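Summary of structural features
For reference, the chains in residue letters:
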Amino acid sequence: TQLLEQSPQFLSIQEGENLTVYCNSSSVFSSLQWYRQEPGEGPVLLVTVVTGGEVKKLKRLTFQFGDARKDSSLHITAAQPGDTGLYLCAGRRTSGTYKYIFGTGTRLKVLA
Amino acid sequence: EPEVTQTPSHQVTQMGQEVILRCVPISNHLYFYWYRQILGQKVEFLVSFYNNEISEKSEIFDDQFSVERPDGSNFTLKIRSTKLEDSAMYFCASTKETGPNYGYTFGSGTRLTVV
C-alpha cells in the first residue's frame, strides 16, 4: 500500500505569514489532489494536478506537482484565519485503479 | 451547488448490531465511494461502486460490510455486526467521471459510535 506522508503534521502561524505543506511518497501517481476539511465536514476539493512539474494557483494558494509525480506541495501566501483547517493530499496510482489514497493530513491553524 | 447528502449525521449503536448509513449522491454522478476517518487518523478508502457493482474495495471492507444502490438515488453502506473499532466518520463521495480532472464531492459524513 503506497503511503502519502504529509509534513508538517501540525502548523500554527500568525495571520500574514507564508507557509508550505508537503506531500511525499515513494510511489508515482497519475494525478494528485488537495482537499481542505473543516471540523464536522467532508473534505472539499481545492485542486487537481496531473502533469509532472505542474504549478496551479488558486488565489493565495500555489500547488506544485513534483517532476517525478511522487510529491506535491501547497504554498499559502499571507495566511488568513479563514485558511484554518485540515489539508489533505490524495493520490491516484498510475494504473488499475480509480480510487484516491489520502495522505496523513496537515492541521493548520492561523491566528489573528 | 449540487451536494452529496448523508444521513444520519450521527448514529450510536451497540456492538454487534447492524447499521445502515445512507447517502444520496449528486444526481448525474456515476461513480460512488465510501471512505472512513477514525478520529485523529487519516481518511481511508473502503469501496468504490459503478454500474451497480463494486469496482474496488480495500482490506478494511470485509464480509461485514456491504453496499447497495437500492433505488437509483440512494447509496447505502451496511455494517452487519458492528465492532468497537468501526467507530469513525463515514464519508460518501461521488464523481461524474473517473478522469483525473474530476475530484470527489464528499458528503458531510455520518459519525458512527459503537458502544
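Model, not experiment: these values are computed from the prediction.

1. Points about the overall build of chain A
Scanning chain A from terminus to terminus reveals 0 helices and 11 strands. Over its C-alpha atoms chain A spans a radius of gyration of 13 Å, differing by no more than 12% from the 13 Å that the globule rule assigns to 112 residues. Considering only C-alpha atoms, chain A reaches an extent of 45 × 30 × 20 Å along its principal axes. Within chain A, the proportion of its 112 residues that are buried is 46%.

2. Examining the overall build of chain B
Counting its secondary structure elements, chain B contains 0 helices and 11 strands. The helix and strand sequence of chain B, counted from the amino end, reads β-β-β-β-β-β-β-β-β-β-β. Along the longest, intermediate and shortest principal axes, the C-alpha atoms of chain B span 40 × 25 × 25 Å. Put simply, of all contacts in chain B between residues at least 6 apart along the chain, 54% involve residues at least 24 apart. Accessible surface for chain B amounts to roughly 5,900 Å². Of this, 44% is attributable to carbon and sulfur atoms.

3. Here we look at the sheet that holds strand β8 (residues 75–79) of chain B
Two strands in a sheet stick together by hydrogen bonds in their backbones, pointing the same way (parallel) or opposite ways (antiparallel). Residues and elements named next belong to chain B. With respect to topology, 4 strands assemble into an open sheet ordered β1-β3-β8-β7, the strand pairing being antiparallel. Every interior strand has two partners, whereas the edge strands, β1 (5–7) and β7 (65–68), have only one. Along the sheet, successive strands turn relative to each other by an average axial angle of 20 degrees, direction set aside. Two elements, β7 and β8, share 4 bridges in a ladder whose sense is antiparallel. Bridging across to β8, Val 67 finds its partner in Leu 77.

4. Here's the deal with the confidence of the model for chain B
Summary statistics for chain B give a mean pLDDT of 93 and a share of 100% for residues scoring 70 or more. Ranking the helices and strands of chain B by mean pLDDT puts strand β11 (residues 110–114) of chain B first, with 98, and strand β10 (residues 105–106) of chain B last, with 93.

5. Considering the interface of chain A and chain B
For an interface, size is often stated in terms of accessible area lost upon the parts coming together. Residue-level contacts link 23 residues of chain A with 18 residues of chain B. Interface area, chain A with chain B, both sides summed: about 1,700 Å², of which 53% is carbon and sulfur. A per-residue breakdown of the area chain A buries against chain B is headed by Tyr 98, Lys 99 and Phe 102 of chain A, which together make up 29% of the total. Across the contact surface, chain A and chain B share 1 salt bridge. For Glu 56 of chain B, the salt bridge identified is with Lys 99 of chain A, shortest N-O distance 2.9 Å. Counting the contacts that link chain A with chain B gives 6 residue pairs in polar contact (both at pLDDT 80 or more).

6. Some thoughts on the nonpolar core
With 22 residues, the main nonpolar core has Trp 34, Leu 46, Phe 61, Val 67, Phe 75, Leu 77 and Tyr 90 of chain B as its most contacted residues. Elements that contribute at least two residues to this core include exactly β3 (19–24), β4 (31–37), β5 (43–50), β7, β8, β9 (88–95) and β11 of chain B. With 20 residues, the next largest nonpolar core counts Leu 19, Trp 34, Leu 74 and Leu 108 of chain A among its residues.

7. Examining the sheet that holds strand β7 (residues 61–65) of chain A
Residues and elements named next belong to chain A. Spatially, β1-β3-β8-β7-β6 is the arrangement adopted by the 5 strands of the open sheet, whose pairing is antiparallel. With partners counted over all chains shown, the strands left at the sheet margins are β1 (5–7) and β6 (55–58), one partner each. Between one strand and the next, the sheet's axes are offset by a mean angle of 15 degrees, whatever the strand orientation. Taken together, the 4 bridges between β6 and β7 define a ladder with antiparallel strand orientation. Looking at β7, one finds that Leu 58 is bridged to Leu 61.

8. With respect to the state of the cysteines
Residue and element names in this part refer to chain B. Tallying each qualifying case throughout the model produces 2 disulfides over all chains. The disulfide that involves Cys 23 links it to Cys 92, with 2.0 Å between the sulfurs. For the disulfide bridge between Cys 23 and Cys 92, the dihedral angle about the S-S bond is near -65 degrees, and by the sign convention the bridge is left-handed. Here Cys 92 lies in strand β9 and Cys 23 lies in strand β3, a separation of 69 residues in the sequence. Judged on exposure class, the residue Cys 23 and its partner Cys 92 are both buried.

What counts and what doesn't
- Sequence positions are assigned chain by chain, starting from 1 and proceeding in written order.
- Chain A is the first chain written and ligand 1 is the first ligand written, with later ones labelled in order.
- Predicted model: local features are reported for residues with pLDDT of at least 70 only, side-chain atom pairs are reported and counted for 80 or more only, and whole-chain, interface and lining totals are derived from all residues.
- Processing note: side-chain calculations cover all non-hydrogen atoms of the structure and skip hydrogens and water entirely.
- Strands here mean DSSP runs of E at least two residues long; helices mean DSSP runs of H or I at least four residues long; both are numbered from the N terminus.
- As a reference, a globule follows 2.2 Å times the number of residues to the power 0.38, and the radius of gyration itself is taken over C-alpha atoms.
- Three exposure classes are used, based on accessible area relative to the maximum for each residue type with a 1.4 Å probe and protein chains only: buried under 20%, partly exposed in between, and exposed over 50%.
- Contacts: residue pairs with any heavy atoms within 4.5 Å of one another.
- Exposure was quantified through the Shrake-Rupley algorithm and a 1.4 Å probe, taking into account, for residues, occlusion by the shown protein chains and nothing else.
- Here, a strand pair is defined by DSSP locating no fewer than two bridges between the strands.
- Here an axis means a line fitted to C-alpha atoms, over the contact stretch when the element is a helix, while the angle between two N-to-C directions is reported on a 0 to 180 degree scale.
- On a range of 0 to 100, pLDDT expresses the predictor's confidence in each residue.
- Throughout, buried area stands for the accessible area (probe radius 1.4 Å) lost by two parts on being put together, summed over both.
- Throughout this description, the term salt bridge denotes a Lys or Arg side-chain nitrogen within 4 Å of a carboxyl oxygen of Asp or Glu.
- Polar contacts, as counted here, are pairs of nitrogen or oxygen atoms within 3.5 Å of one another; within protein the pair requires one atom able to donate a hydrogen and one able to accept it, and residues that are adjacent in sequence qualify only if both atoms are side-chain atoms.
- Residues belong to a common nonpolar core when they are buried Ala, Val, Leu, Ile, Met, Phe, Trp, Tyr or Cys residues joined through side-chain atoms within 4.5 Å.
- The term disulfide is used for any two cysteine sulfur atoms that are within 2.5 Å.

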